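# A closer look at the structure
Spelled out, the chains give:
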Amino acid sequence: MAYEAREDQRAVIEGVAPVLVVSGGAGTGKTTTAVAAARAHLEAADETLLRLRQEAARRGQRTQLPATTRVLFLSFSRTAVAQIIDRAANVIGELRPRLEVSTFHGFAWKVITGFGAHHGFPPPQSVLSKANQTVPGAPPGLTYDQLMPAACRLLALTKVRNHYSGRYTLVICDEFQDTDATEWAFLQQIAPAAHRILLGDVNQSIYEGSFKPGVNPAARIADAMTLPGSRRLDLQAASYRDPSGVLPAAAEAARQRRFTDPALRAAARQGRLAVTRITDDTGYAQVTELARSARQKKHTVSIFTHTNIAVRSHR
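The following refers to the structure shown. Residue indices begin from 1 for each chain and proceed along its sequence in written order. pLDDT decides what is reported in this predicted model: residues at 70 or higher carry local features, side-chain atom pairs at 80 or more are listed and counted, and totals for whole chains, interfaces and linings draw on all residues regardless. As a convention, hydrogens and water are excluded, and side-chain values are obtained from all of the structure's heavy atoms.

## Brief notes about the overall build of the chain
Basically, it comes down to this: The numbering of helices and of strands both runs from the N terminus, where a helix is a DSSP run of H or I of at least 4 residues and a strand a run of E of at least 2. Partly exposed describes any residue whose relative accessible area lies between the buried limit of under 20% and the exposed limit of over 50%, with all areas from a 1.4 Å probe on protein chains only and scaled to the type maximum. We call two residues contacting when some pair of their heavy atoms lies within 4.5 Å.
Broken down by element type, the chain carries 13 helices and 8 strands. Counting the 315 residues in the chain, one finds 42% classified as buried. The contacts in the chain between residues at least 6 apart in sequence include a share of 73% that link residues at least 24 apart.

## Re the pairing of strand S3 (residues 99-103)
Put simply, the test is: By definition, the crossover connecting two strands over a helix is right-handed if that path, from the first strand to the second, turns clockwise as seen with the strands pointing away from the viewer.
Buried residues dominate S3, accounting for 5 of its 5 residues. After leaving strand S2 (residues 70-75), the chain enters helix H3 (residues 78-92) and then returns to the sheet as S3, a path that is right-handed.

## Examining the sheet that holds S3
Stated precisely, the cut-off is as follows: Note on pairing: DSSP must find at least two bridges between two strands before they are called paired. Between N-to-C directions, angles cover 0 to 180 degrees, with each direction set by a line fitted to C-alpha atoms, over the stretch in contact for helices.
In space, the 6 strands of this open sheet follow the order S3-S2-S6-S7-S1-S8, with parallel pairing throughout. Since the sheet does not close on itself, it has two edges, and those belong to S3 and strand S8 (230-234), each with one partner. Taken over all neighbouring pairs, the strand axes of this sheet differ in orientation by 20 degrees on average, direction set aside. Judged from the 5 bridges that link them, S2 and strand S6 (residues 168-173) form a sheet pairing that is parallel. Bridge assignment links Val71 to a residue of S6, and that residue is Leu170. Lying over the sheet, H3 contacts S2 and S3, oriented at roughly 165 degrees with respect to S3.

## Let's talk about helix H11 (residues 262-269)
This is how the line gets drawn: Directions are taken from the helix axis to each C-beta atom, and the arc is the one they span. Each polar contact in these results corresponds to two N or O atoms within 3.5 Å; when the atoms are within protein, one needs to be able to donate a hydrogen and the other to accept it, and residues that are neighboring in sequence are counted only if both atoms are side-chain atoms.
Of all the residues in H11, the buried ones are Ala263, Leu264, Ala266 and Ala267. Projected onto a plane normal to the axis of H11, the buried residues spread over an arc of 160 degrees and lie on a single side. For H11, the exposed residues set more than 90 degrees away from the buried face come down to Pro262, Arg265 and Arg269. Two or three places before Ala263, at the start of H11, stands the capping residue Asp261, its side-chain oxygen 2.7 Å from that residue's backbone nitrogen. The first or second residue beyond H11 is Gly271, which carries a positive phi of 75 degrees.

## Notes on the packing of helix H4 (residues 104-115) against helix H6 (residues 144-155)
The condition that has to hold: If an angle is under 35 degrees, it is roughly parallel; if it is over 145, roughly antiparallel; if it lies from 65 to 115, roughly perpendicular; otherwise it is oblique. Rotating anticlockwise by less than a right angle from the far helix to the near helix defines a left-handed crossing, while the corresponding clockwise rotation defines a right-handed one. For this classification, Asp, Glu, Lys and Arg are treated as charged, while Ala, Val, Leu, Ile, Met, Phe, Trp, Tyr, Cys and Pro are nonpolar and the rest, including Gly, are polar.
Contact geometry of H4 with H6 gives a least axis separation of 8 Å together with a crossing angle of 50 degrees. Regarding the angle of H4 to H6, the classification is oblique. When the axes of H4 and H6 are compared, the crossing they make is left-handed. Here Phe104, His105, Ala108, Trp109, Val111, Ile112 and Phe115 of H4 lie close against H6, whose contacting residues are Tyr144, Leu147, Met148, Ala150, Ala151, Leu154 and Leu155. The residue makeup of the contact of H4 with H6, split by class, is 13 nonpolar, 1 polar and no charged.

Right, dumping it as structure tokens:
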């Protein structure tokens with residue numbers, strides 16, 4: 001499907017605020033809109049660079065111009081990264097190589113392997129489990145929990161900070177409401193002067209609570225709104241993935257626990273909503289297999305459960 005931005009989505013694409021906090025439920029097009037904003041950002045940067053080159057040529061001057069900029073898109077899981085890359089292809093087109101999509105840990109590893117050799121992390125480095133790290137003779141390396149703090153140490157160095165500040169002029173973070181204190185601090189240290197687009201939805205948090213201590217979606221959104229120049233944009237409930245509105249209405253009814261709502265009955269009648277009663281591990285296996293089959297067909301999958309615990313443990 002060709003992407004055609006709605007008015008609320010155009011506000012994101014054309015937004016010039018230093019920080020855009022973009023809120024919207026599942027299917028409202030947050031990710032795709034952010035990719036469209038990345039394209040608009042890169043095109044504007046290229047136009048500016050071309051103008052500077054033309055002005056320098058007219059004056060007969062040899063001027064050092066800014067490097068070609070890139071956009072960094074951070075997400076939590078490799079699966080989410082793969083989906084972002086897949087959705088980005090048609091939206092960003094030929095500029096795709098300049099959209100770098102990574103997990104938090106993956107980007108931290110990139111910083112460490114790129115600049116750690118002379119600053120406390122000599123090669124070869126490995127990513128180790130906590131158990132492996134304690135084994136006598138274990139290779140030099142860091143656990144996952146140590147990656148972002150180590151990368152933050154490197155980003156505090158002037159040359160490292162300048163490198164990423166020159167590389168990225170826009171940083172996008174998906175599901176930012178689920179960042180803990182370490183991830184939030186890491187996000188702020190990457191190219192601090194770059195524009196920020198923070199995508200989130202307090203109702204989609206799957207990390208809140210004991211599963212990931214320190215995650216408080218409402219508080220994190222409030223933190224984002226205190227950043228200098230921040231502006232909040234709420235996307236409409238209409239779904240980019242389902243323009244008919246059937247699934248968004250059913251999803252909202254499920255979220256509010258209105259299980260007798262006509263929207264749920266309509267979605268089930270049309271075969272667009274599967275309700276599975278899970279009493280043991282067999283039920284989970286059935287849902288997992290349905291999701292895997294749908295993903296193989298390139299379908300977008302949403303699974304609604306009574307709590308987010310099941311989603312977390314089977315993600």
